[in-house]
Amino acid sequence: MRKYTLPVAVAAMLLAFWYSPDAQEILAGVAIFLFGMLMLEDGFRLFGGGRLESLLEKATRSTPRALAFGIVSTTLLQSSSLVSVITISFLSAGLISLIGGVGIVFGANIGTTTGAWLVAGLGLKVNIAAYAMPMIALSVLLVFQKPKGLRGVGYALAGLGFLFLGIHHMKEGFEAFREQIDLARFALSGLLGLVVYTLIGTAATVVMQSSHATMVLVITALAAGQVTYDNALALAIGANIGTTITAILGALSANVQGKRLALAHLVFNLTTAAVALFAISPLRDAVDWISGHVGIAPDDYALKLAVFHTIFNVLGVLLMLPLLRRLVAFLQRRIVERAADVSQPRYLNEAVDAFPETLESALRKEVRHLYDNATEVIFHGLNLHRNDIFASGNIAETVRKSRRAIELDIDQRYETRVKTLYAAIIDFTTRAGDKSLAPEMADRVYALRDVATGIVKAVKSVKHLRKNVVRYTTRPQGAVTDLYDGLRTEMARVVVEIRNLGAARPEDRSVLTLDQERAEIAEASRTATRRVEELIRAGRITAAAATSFLNDSAYAYGAMRDLIEAARAYYIERDSAVAEVERLLQMDEDDLEQRRARPGGAPPAPEVLH
């Protein structure tokens, strides 16, 4: 069916062009208007530099704030669909709560009504095309500038200019149409008219994926007398239903939370539309009463339509706000989250790809998910239980008591719990690299990818240890068992220290802690080697067992270093002022003298590896 959609649409447009040249102006006006919306959205993304997304994260701490954010952001962007898609992205990345996301959707429905006021109050009464041309001309100068902020302003200015130009052409097209054909003769009254024109408004919005564009089309047609006032009211109701299509499409690639928000959007808009349809007569009377008190002329149906659009959206919010928690409970019952499959990515999906903040946050959480899986495999590979170690007050004693072999196919567990997540992370960061991220953001994304690589290397090292750990630690065998228990203790201690680092407040984390761990590991490795030499000389360990241990200790201490470096990159801000001070504190006097001797205290040039 889909493959015929485009040819049919093109054929219908060509037929309309042939039948009436004025249809060209109307359809061109719609196209210019939609193009303007896209440019306006792109402009705010560039100009905002992530500020909109950052505000969204902070705006959901209470329902009134989420509602206000939905109103303001949709008023600025003139697109409730874009705000809904951004919200789904943040919800999928776990940055906001479901109740906060629903609050934003409620506010977006009120914010989208400002577009109708803009068109009815300004676009039809002022020659806005005269303002559109200078705005577009000025925007060209700005979009070719290097600073992202200036380019963002240029795109936003061009978008606003094209919005005005599109409105102008739609208005002119319908005015010319009135002289050739009166579309108002197809008007339907009563319940049939309400139903038919509501469906037409829904279909038009689904096709254009913009209720704002539908409302502009309806208002300009209404002003030209091409649709009746009653039918225009039904078209506005239908536009509210159709606007949910963008959120639904955006949620197809989202996780469970994103799908819940899309359903909330649909439930809210359907409920609001149902109330408006059933209460159409009282609402029409309310519009007349309000219009009379604010000075809107009785025959200014375009402005009265804007009043109606605002009233029924505000009414919908007032009706649904007291039921917000019940709505969230319904969504959670209706779309049930399956039991977590730790072998599958939890946070990486296409819904979080569109915005840098959600992209980085989702990737960070997925790397943590990989680490949790990896530490379970590492502990089981060492014949240890993670919960026993984390609850222990004496790790060495807990390790000595852990003699029972854990049934484990470590290769299969690595494939399902570690490799699948690592492959998803690599694929995700590759996609992120194609999105022209800001250099700082790209560096953080690739740093997280390297963290995942270090975690996987640690697991692969433990795979090499597994055979001899089972051989020498499931029953006491003298000195060789003590050696392997020492390895197990050191690795368990490193994982516990990383866990403590993660639980600490960000301002309390220090790179010195990890550097101390790395120094202790190096000393433990040297001590273990000397201990093996002493045991061989004393005849307490065979040369074969000693060789096995030395090979295994190299894997074990390599795994510990990989985990420490991963923790350093994940938790410590490498470019922070605190980190710089700590690096300076670690330098000896010779290092400081060399640093002072270089021009500007610049770091030495990197070595070239051959």
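My aim in this report is to walk through the structure given alongside it, one point at a time. Everything quoted here is computed from the prediction, not taken from an experiment. (Residues numbered from 1 in each chain as written. Predicted model: local features only at pLDDT ≥ 70, side-chain atom pairs only at ≥ 80, totals over all residues. Heavy atoms only, no water.)

**Some words on helix α6 (residues 98–111)**
Since one α-helical turn is 3.6 residues long, residues separated by three or four positions face the same way. A rise of 1.5 Å per residue sets the reference length of α6, with its 14 residues, at 20 Å; its end C-alpha atoms lie 20 Å apart and thus fit the reference within 8%. Among the 14 residues in α6, 13 count as buried, and that is most of the element. (Helix = DSSP H or I, 4+ residues; strand = E, 2+ residues; numbered from the N terminus. Expected span 1.5 Å × (residues − 1). Buried < 20%, exposed > 50% of the residue type's maximum accessible area, 1.4 Å probe, protein only.)

**Considering the packing of aromatic side chains**
All chains considered together, the criterion is met by 7 aromatic pairs. Plain terms: the ring middles of Y472 and Y484 are 5.2 Å apart, the flat faces sit at 20 degrees to each other, and that makes the pair stacked. Placement of the pair is Y472 in helix α22 (residues 439–473) and Y484 in helix α23 (residues 479–503), with a sequence separation of 12 residues. Here Y472 matches Y484 in class, with each residue buried. Measuring from centroid to centroid gives 5.4 Å for Y484 and F549, while their planes differ by 85 degrees, and the two rings are edge-to-face. (Phe/Tyr/Trp six-rings, centres within 6.5 Å; stacked < 30°, edge-to-face > 60°.)

**Topic: the nonpolar core**
V102, F106 and V367 are the most contacted members of the largest nonpolar core, which totals 110 residues. When residues in this core are grouped by element, the largest group, 14 residues, is from α22. Structurally, this core is a two-domain feature, drawing no fewer than three residues from each of domain 1 (21–334) and domain 2 (355–592). The residues contacting V102, other than those within four sequence positions of it, are L261, A264, L324, L327 and L331. Listed in part, the 35 residues of the second largest apolar core include V216, I219, V227 and A273. (Core = buried A, V, L, I, M, F, W, Y, C linked by side-chain atoms within 4.5 Å. Domains from an automatic or database assignment. Contact = heavy atoms within 4.5 Å.)

**With respect to empty space enclosed by the protein**
Throughout the structure, instances matching the rule amount to 3 cavities of 30 Å³ or more. If you add up the space inside the largest cavity, you get close to 80 Å³. V367, R368, Y371, V451, I455, I498, L563, A566, A567, Y570 and Y571 together form the lining of the largest cavity. Only α18 (356–381), α22 and α25 (543–571) provide two or more residues apiece to the lining of the largest cavity. Ranked by residue count, the leading element in the lining of the largest cavity is α25, at 5 residues. Considered class by class, the residues forming the lining of the largest cavity number 10 nonpolar, no polar and 1 charged. (1 Å grid on protein atoms, 1.4 Å probe; cavity = no way out; pocket = protein on both sides within 12 Å on 5 of 7 lines; lining within 4 Å. Points joined across faces, edges and corners; volume = space filled by probe spheres on them. Nonpolar A, V, L, I, M, F, W, Y, C, P; charged D, E, K, R; others polar.)

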